[in-house]
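Observations on the model geometry
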Amino acid sequence: MRKLLLMAILFGTLSCSGQDGTLPDKKTMSVIKKAEKVVYYALNPMSNDTTKIQIDGVPTTGYSKEFVSAGKDSLTLLIIENIKNVRKSGKGKFCPSAPQDAFLFIKGKDTVKIVVDFNCASYNIINDTTIYEYDFDKFYDKVSKIIKPMRKNETLLSNSISNKDSTSNILTDKMKRIISETDSAICFLLDPLEKNCKDTLNGFCILEQSNIKTKLIDSLKNILLDKQNFVYSGIVKNCTFLCDISFRLFSKGEYADVMFALYCDDCVVICGDEHIKADSGNMRKKILEIAKNIYPKDRYIRYMLNQ
């Protein structure tokens, strides 16, 4: 059973905060609809930097950008279209909150904040001390198309593999060997936001760990060695790596860690002094199915599998 810490984190971060399932009041909606300026701020949920401006308790990265008219209108329309999906009191989600985007709607002396969390497909509308919590599961793609282009454009090439084309597999020979010859493995459930933890894996708090049965090890090896996965894209996503699930694969005294951040579909493989990062969208469902087999009662895994 997952440690009590997990439940405390989930209910502590995801419980409703000052709203009772009602729609935003007229003044709040007036500021959103008639805002004279809308400013985007990038957030870093992993940061403890108290020198940075904070929005809803989350430090900004220092990157901000004012919305142009068309973008502001699109965002405002989306909020209006999603107005009925306000979260009812006490109805949280089993996912660690990790907001990375925020918007300030400014009208005269009034400011309304909207803090967006793609990990939980939710956002908060904040007017002073009043908070309205919304889900956007049904509008996820539309929200992504409007908000994610606002993020700072980072198209950095990995120097170690910059000469490869888009079909090249970026796993190193050592990684492939250890994965293919794996004789035992452990699956870890991690909390990427817990800072005070005695048991950690590559800096992330371990909530639970379990040995993996041979049949599932074979399935995991097949997924990781599939030629459609770990292909070179040349693009580094502008999202914080918040690892939820990790697999440690052992082979003849060596091991490789394969780590997944489910909310942004990133995977990091660490093997000794070798390190690669890749998109894991193609593996997502199969990896979650393996995790569900190992932890069949885990609510977070079941929630992510149904996304």
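For clarity, every value in this text was computed on a predicted model and none was experimentally measured.

Here we take up helix α6 (residues 214–224). Within α6, the full set of buried residues consists of Leu216, Ile217, Leu220, Lys221, Ile223 and Leu224. Seen from one end, α6 has its buried residues packed into an arc of 160°, which puts them on one side. Exposed side of α6, more than 90 degrees from the buried face: Thr214, Lys215 and Asn222 are the residues found there. Next to the buried residues of α6 lie α5 (173–180), β8 (184–191), β11 (245–251), β12 (254–261) and α7 (284–294).

Let's shift gears to the sheet that holds β8. A sheet is described by the order of its strands in space; here seven strands give the open sequence β9-β10-β8-β11-β12-β13-β14, paired in antiparallel fashion. Every other strand in the sheet has two partners, leaving β9 (200–201) and β14 (274–279) as the edge strands with one partner each. Pairing of β12 with strand β13 (residues 266–271), which is carried by five bridges, proceeds in the antiparallel orientation. The residue of β13 that forms the bridge with Asp257 is Ile270.

A word on the pattern of salt bridges. Overall, the coordinates contain 12 salt bridges when judged by the stated rule. Lys252 is the salt-bridge partner of Glu181, the closest N and O atoms lying 3.7 Å from each other. Residue Glu181 is found in the loop between α5 and β8, and its partner Lys252 is found in the loop between β11 and β12; the two are separated by 71 residues along the sequence. Residue class for Lys252 comes out exposed when judged on its relative accessible area of 66%. One salt bridge in this structure joins Asp266 and Lys277, with 3.7 Å as the shortest N-O distance. Taken as a pair, Asp266 in strand β13 and Lys277 in strand β14 lie far apart in primary sequence, 11 residues in all. Residue classification places Asp266 among the buried residues on the basis of a relative accessible area of 2%. A cluster of three or more residues bridged by salt bridges with shared partners is formed by Arg87, Glu133 and Asp135.

All of the buried residues along helix α2 (residues 26–33) are Thr28, Met29, Val31 and Ile32. Down the axis, α2 shows its buried residues gathered within 155° of arc, on one side only. Of the exposed residues in α2, the ones pointing more than 90 degrees away from its buried face are Lys26 and Lys27. Summarising the contacts, the buried residues of α2 are in contact with α3 (69–81), β4 (101–107), β5 (110–117), β6 (122–127) and β7 (130–135). Among the residues of α2, the N-terminal cap falls to Asp25, whose side-chain oxygen and the backbone nitrogen of Lys27 are separated by 3.1 Å.

Definitions and cut-offs
Within every chain, residues take consecutive numbers counted from 1 along the sequence as written. Residues qualify for local features only when their pLDDT is at least 70, as the model is predicted, and side-chain atom pairs are given and counted only at 80 or more; totals for whole chains, interfaces and linings, by contrast, use all residues. Excluded from the side-chain calculation are hydrogens and water; included are all heavy atoms of the structure. Categorising residues by exposure relies on relative accessible area from a 1.4 Å probe, with only protein chains included: less than 20% of the type maximum marks a residue as buried, more than 50% marks it as exposed, and the intermediate range marks it as partly exposed. Helix and strand labels come from DSSP, where a helix needs a run of H or I of at least four residues and a strand needs a run of E of at least two; each type is numbered from the N terminus. Regarding the arc, it is the one traced by the directions from the helix axis to the C-beta atoms. Whether two residues are in contact is decided by their heavy atoms, any of which lying within 4.5 Å being enough. Whether two strands pair depends on DSSP finding at least two bridges between them. Throughout this description, the term salt bridge denotes a Lys or Arg side-chain nitrogen within 4 Å of a carboxyl oxygen of Asp or Glu. Any N or O atom pair separated by 3.5 Å or less is treated as a polar contact, with the protein-specific requirement of one donor-capable and one acceptor-capable atom, and with residues adjacent in sequence counted only for side-chain atom pairs.

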